[in-house]
Amino acid sequence: MGPPPAPPPCPPATKESPLPSKSGASSWLGGTPHVSGGPVEEVRFAARMLRGYLTHKSDDFNDDTVFVCHYNWIPSRIQEGPMCGLVALEIASKLFNKNISIQDIVSLAQKKGVTKLGEMFSAAHMADLAETLYGCRTMVLQYGLGDQKMILDHVMNGGAILLPYDIDHDFHPCCKNGKKAHWAIITGFLLSSPKSSIDGSSLKPDEQETYLYHGTPEIMQGILRQASDCDIYICGKHGKSRHLGLWNYSKMRTSNENLHELNPDIANSLSKWVVPVEGGHLSGLRGKAVLLFTSDK
């Protein structure tokens, strides 16, 4: 069987727009404003912002649209310096009930010779570090998010995904050819679908938002089978925001597969970093995703 079909091409490069105002809905899709509480509160607030964004952006957004979300909670960590990949690994420690600090992870990576300042330009090195730290099974996917069913099944089984992509100024995935390469950890997804397309009788409604439902893996699988017109957003966190991110699946896949060039600041000071060069400087990230298995499923 050949590789999955290629994602849609990146849009033509445009001049980067100014940072949106704090009240602008578009700034909230990648990392929502601060919200206290547990996983339900995080999802609720992120869904509220997503709905506001879609209503504002799309003329044909249907008020009948409902959101169904499955999310395995993970803590937030803010990176200091170029440590986005290793911070994503630290966030994963909660899934394995381990108490491991970012200092422990950086020291291990330096001992293995795969980083100098906390940078991480290799999915294979990330997988090796995860196996050493957590004793877990890993898998490095060579087609990124190309196998959507595998990705969603993995998350529903309690697994996590370490994913490199280009990050925009508002934390959305973008296509900068790799010059804004960043890491996130994915532990959930949200389905957006017309209410008429799904059977809501078994859904658990949110206590505050009438369009939001919280789904078990079985419910999510059923919706995926019956609702062919649903949009998918993956849920995760990263080292530049304390808040839950919701990212359009297809845009995240495209961003992951557009990683080709180093940021010029890094390219002009290669001696400071550990950057694999075989196959191109970002070949260790481009189209790669690292699955972390939290069980034997």
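These numbers were taken from a predicted model, which means no experiment stands behind them.

**Considering the confidence of the model for the chain**
In the predicted model, the chain carries a mean pLDDT of 85, and 85% of its residues have values of at least 70. No element of the chain has a lower mean pLDDT than helix 8 (residues 264–267), at 87, and none a higher one than strand 10 (residues 289–293), at 98. Predicted confidence for residues 12–35 stays below pLDDT 50, and this span has 52 contacts to residues more than four positions away or in other chains.

**As for the environment of I167**
When you line up the elements, I167 lands in strand 3 (residues 160–167). Residue class for I167 comes out buried when judged on its relative accessible area of 6%. Between the alpha carbons of I167 and K180 there is a distance of 5.6 Å; along the sequence they are 13 residues apart. Apart from residues no more than four positions distant in its own chain, I167 is found in contact with H172, C174, K180, H182, H238 and K240.

**Considerations on the pattern of salt bridges**
Tallying each qualifying case throughout the model produces eight salt bridges. A salt bridge links R48 to E209, with the shortest nitrogen-to-oxygen separation between them at 2.7 Å. Placement of R48 in helix 1 (residues 39–57) and of E209 in the loop between strand 6 (204–205) and strand 7 (212–214) is noted, with a sequence separation of 161 residues between them. Judged by relative accessible area, R48 falls into the partly exposed class, the value being 28%.

**A word on helix 6 (residues 217–226)**
Looking only at helix 6, the buried set comprises P217, I219, M220, G222 and I223. Contact partners of the buried residues in helix 6: strand 1 (65–71), helix 5 (148–156) and strand 5 (181–194).

**Some points on unusual backbone geometry**
The phi torsion of most residues other than glycine is negative, and most of the peptide bonds are trans. Residue F171 is not a glycine yet carries a positive backbone phi of 80 degrees. Looking at the secondary structure, you find F171 in the loop between strand 3 and strand 4 (173–174). With a phi close to 65 degrees, N177 is a non-glycine residue in the positive phi region. Among the structural elements, N177 can be located in the loop between strand 4 and strand 5.

**Some thoughts on the nonpolar core**
Among the nonpolar cores identified, the biggest contains 58 residues, and L86, L89, Y134, L162, L190 and L292 are the most heavily contacted of them. Counting residues in each nonpolar core, the second largest holds 32 residues, with Y165, F189, Y249 and A289 among its members.

**So, the environment of M139**
Within the fold, M139 resides in strand 2 (residues 137–141). What makes M139 partly exposed here is its relative accessible area of 33%. In this structure the C-alpha to C-alpha distance between M139 and A127, which are 12 residues apart in sequence, comes to 7.1 Å.

**As for the layout of surface pockets**
Estimates place the volume of the second largest pocket at around 440 Å³. Around the second largest pocket, the lining comprises 25 residues; the ones closest to its centre are P82, C84, K180, A181 and I266. Listed by contribution, the elements that provide at least two residues to the lining of the second largest pocket are helix 2 (84–92), strand 5 and helix 8. With three residues, the single largest contributor to the lining of the second largest pocket is strand 5. When grouped by side-chain class, the residues that make up the lining of the second largest pocket number 13 nonpolar, seven polar and five charged.

**Quick word on the packing of aromatic side chains**
Taken as a whole, this structure holds three aromatic pairs when the rule is applied. An angle of 85 degrees between the planes, with centres 5.7 Å apart, marks the rings of F67 and Y211 as edge-to-face. Separated by 144 residues along the polypeptide, F67 in strand 1 and Y211 in the loop between strand 6 and strand 7 bring together distant segments of the chain. The same class applies to F67 and to Y211, which are both buried. The interplanar angle of 50 degrees and the centroid separation of 6.1 Å between the aromatic rings of Y165 and W247 together place this pair among those described as tilted.

What counts and how
Sequence order as written defines residue numbering, which begins from 1 separately in each chain. Where totals are concerned, whole chains, interfaces and linings use all residues; where local detail is concerned, this predicted model gives features only for residues with pLDDT of at least 70, and gives and counts side-chain atom pairs only at 80 or more. Only hydrogens and water are removed before side-chain values are computed, so all heavy atoms of the structure are retained for them. Confidence scores per residue from the predictor, reported as pLDDT, run from 0 to 100. Secondary structure counts use DSSP, requiring at least four H or I residues in a row for a helix and at least two E residues in a row for a strand, with both numbered from the N terminus. Note on definitions: a residue-residue contact is assigned when non-hydrogen atoms from the two residues lie within 4.5 Å. Burial classes follow relative accessibility: with a 1.4 Å probe on protein chains only, a residue under 20% of its type's maximum area counts as buried, one over 50% as exposed, and anything between as partly exposed. Any Lys or Arg side-chain nitrogen found within 4 Å of a carboxyl oxygen on Asp or Glu counts as a salt bridge. Here, nonpolar core refers to any group of buried Ala, Val, Leu, Ile, Met, Phe, Trp, Tyr and Cys residues whose side-chain atoms link them within 4.5 Å. With a 1 Å grid spanning the protein atoms alone, the term cavity applies to any set of points in which a 1.4 Å probe fits but cannot get out, the term pocket to an open set with protein on both sides within 12 Å along at least five of seven lines, and the term lining residue to any residue with an atom within 4 Å of a point. Grid points are joined across faces, edges and corners, and a volume is the space filled by probe spheres set on the points. Three categories are distinguished: nonpolar for Ala, Val, Leu, Ile, Met, Phe, Trp, Tyr, Cys and Pro, charged for Asp, Glu, Lys and Arg, and polar for the others, with Gly belonging to the last. A pair of Phe, Tyr and Trp rings is counted when the ring centres sit within 6.5 Å of each other, with Trp represented by its six-membered ring. The angle between the planes then sorts it: under 30 degrees is stacked, over 60 is edge-to-face, the rest tilted.

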